[in-house]
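The lines below spell out each chain.
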Amino acid sequence: MLIGDVARRSGVSARMLRHYDSLGLVRPTGRTDAGYREYSAADIRRIFHVESLRSLGLSLRDVARALDDPGFTPAGLVDGLVRRTRERIAAQTALLTRLRRIGEAEPADWTDVLQTVALLQELGSDSAARRQRAALTSDEEVPVAALVEAALSETDPNVAGALRWALARSGDGGLALLAEGLEAPAPEVRERAVRCVAEFPGDAATDVLRGALAHDDPVIRTHAALALGNRGVATAITPLIEMIVDERRDADAADALSVLAAEPALADQIAADLVVALACVDLGARRRLTQALADIPGSAAARALEELSHDADRVIAATATYTLGLRSAA
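Residues numbered from 1 in each chain as written. Predicted model: local features only at pLDDT ≥ 70, side-chain atom pairs only at ≥ 80, totals over all residues. Heavy atoms only, no water.

## Here we look at the overall build of the chain
Link 1 in the chain: Within the chain one finds 19 helices and 2 strands.
Link 2 in the chain: The C-alpha radius of gyration of the chain comes to 35 Å, more than 25% above the 20 Å expected for a compact globule of 330 residues.
Link 3 in the chain: Projected onto its principal axes, the C-alpha coordinates of the chain cover approximately 120 × 50 × 30 Å.
Link 4 in the chain: Relative to its 330 residues, the chain shows a buried fraction of 39%.
Link 5 in the chain: A fraction of 51% describes how many contacts in the chain between residues 6 or more apart in sequence connect residues 24 or more apart.
Link 6 in the chain: Accessible surface for the chain amounts to roughly 18,300 Å². Of this, 53% is attributable to carbon and sulfur atoms. (Helix = DSSP H or I, 4+ residues; strand = E, 2+ residues; numbered from the N terminus. Rg over C-alpha atoms; globule rule 2.2 N^0.38 Å. Buried < 20%, exposed > 50% of the residue type's maximum accessible area, 1.4 Å probe, protein only. Contact = heavy atoms within 4.5 Å. Areas by Shrake-Rupley, 256 points an atom, 1.4 Å probe, with all protein chains shown as cover.)

Put into structure tokens, the structure is as follows:
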């Protein structure tokens, strides 16, 4: 069969068949009287073998080895192909993500595209200083999804703070993505997500934080309770008291309770809940709860402190007496 017929039947161009011949990869068995290449059935089978191996990503050199070297084993080569294919997929996925981010920014012209690309590159830089600068100058040029992605993967505390600040200024668009981050498999990603949500103002973020109070991860519950307490949300009272009992960021929890207690009705509720907790815990927790009660204004807290001033534990009695003295002098 002549080269033109082989090209038509195999789908391999005559130019590529000549290239295979020059490399010694597929040499036609014979020549016509006029000197034209003439391929046998075995030659055509070899062409199909070459094309099959090339479809797996093998180079022509590797194809030749696979077909001609009796000692050649495919295992190592296949492992290398798997690795290179994964790298190529990762690169293509990164490109697709970047293109989506650019599309989300709704660029008006190529200048906008270039600015967005530059900021995305800075957010992905190996330099923490460059990432921080990009976060602080992002404004509306970086899609919120890109900011969320960067915030959930950032390990440098300064850059992470800048990204939380940028997200909080971006509106509520990133909250849904951050809520998904609360369910991430990695605990460090979940913590980054809740810390970002805590920086958002407004009711939408508050609703996400309320939901986080029931999370299985105690770190998520802790951040949510503190954020809600500092927002004046009464739902946080019980988890904040539990934090004091468990000695889990108890000083921060006590501070959040004092913020909530600025509302007189909540002050009495907090005092009553602290008194209930005092009756059910060990000595260390009772001391911490007494200290928290000392920062709660109102008559209910004053009555509880008066009773605690006669407590059998000297530290508790001294704390309550000292606090009562300060209140009398005020």
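## Considerations on the nonpolar core
Link 1 in the chain: Residues Leu163, Leu240, Leu257, Ile270, Leu274, Leu293 and Ile296 are the most contacted members of the largest nonpolar core, which totals 70 residues.
Link 2 in the chain: No other element matches the 7 residues that helix α16 (residues 264-278) contributes to this core.
Link 3 in the chain: Other than its neighbours up to four places away in sequence, Leu240 contacts Ala225, Leu226, Gly229, Ala253, Ala256, Leu257 and Leu260.
Link 4 in the chain: Counting residues in hydrophobic clusters, the runner-up holds 17 residues, among them Ile3, Val6, Ile44 and Ile47. (Core = buried A, V, L, I, M, F, W, Y, C linked by side-chain atoms within 4.5 Å.)

## Observations regarding helix α14 (residues 237-245)
Link 1 in the chain: The set of residues buried in α14 consists of Ile237, Pro239, Leu240, Ile241, Met243 and Ile244.
Link 2 in the chain: As for α14, its buried residues are in contact with α13 (218-230), α15 (250-260), α16 and α17 (283-294).
Link 3 in the chain: Within two residues after α14, Glu247 carries a phi angle of roughly 55°, on the positive side.

## Describing the environment of Ala204
Link 1 in the chain: You can see Ala204 is positioned in helix α12 (residues 203-212).
Link 2 in the chain: Judged by relative accessible area, Ala204 falls into the partly exposed class, the value being 32%.
Link 3 in the chain: The spatial distance from the C-alpha of Ala204 to the C-alpha of Asp172 is 7.3 Å, given a sequence separation of 32 residues.

## Regarding helix α8 (residues 144-153)
Link 1 in the chain: With 7 of 10 residues buried, α8 lies mostly within the body of the structure.
Link 2 in the chain: Among the residues of α8, Ala145, Ala146, Leu147, Val148, Ala150, Ala151 and Leu152 are the ones counted as buried.

## Re the pattern of salt bridges
Link 1 in the chain: This model, assessed by the stated rule, comprises 16 salt bridges.
Link 2 in the chain: Across the pair Asp21 and Arg31 runs a salt bridge, and its minimum N-O distance is 3.9 Å. Placement of the pair is Asp21 in helix α2 (residues 14-23) and Arg31 in strand β1 (residues 30-31), with a sequence separation of 10 residues.
Link 3 in the chain: Between Asp313 and Arg287 there is a salt bridge whose closest N-O contact spans 2.9 Å. Taken together, the positions of Asp313 in the loop between α18 (299-308) and α19 (314-329) and Arg287 in helix α17 put the pair 26 residues apart, joining distant regions of the chain.
Link 4 in the chain: For Arg287, a relative accessible area of 36% puts it in the partly exposed group.
Link 5 in the chain: Salt bridges here are not isolated pairs; linked through shared partners, they connect Asp21, Arg27, Arg31 and Arg37. (Salt bridge = Lys/Arg side-chain N within 4 Å of Asp/Glu carboxyl O.)

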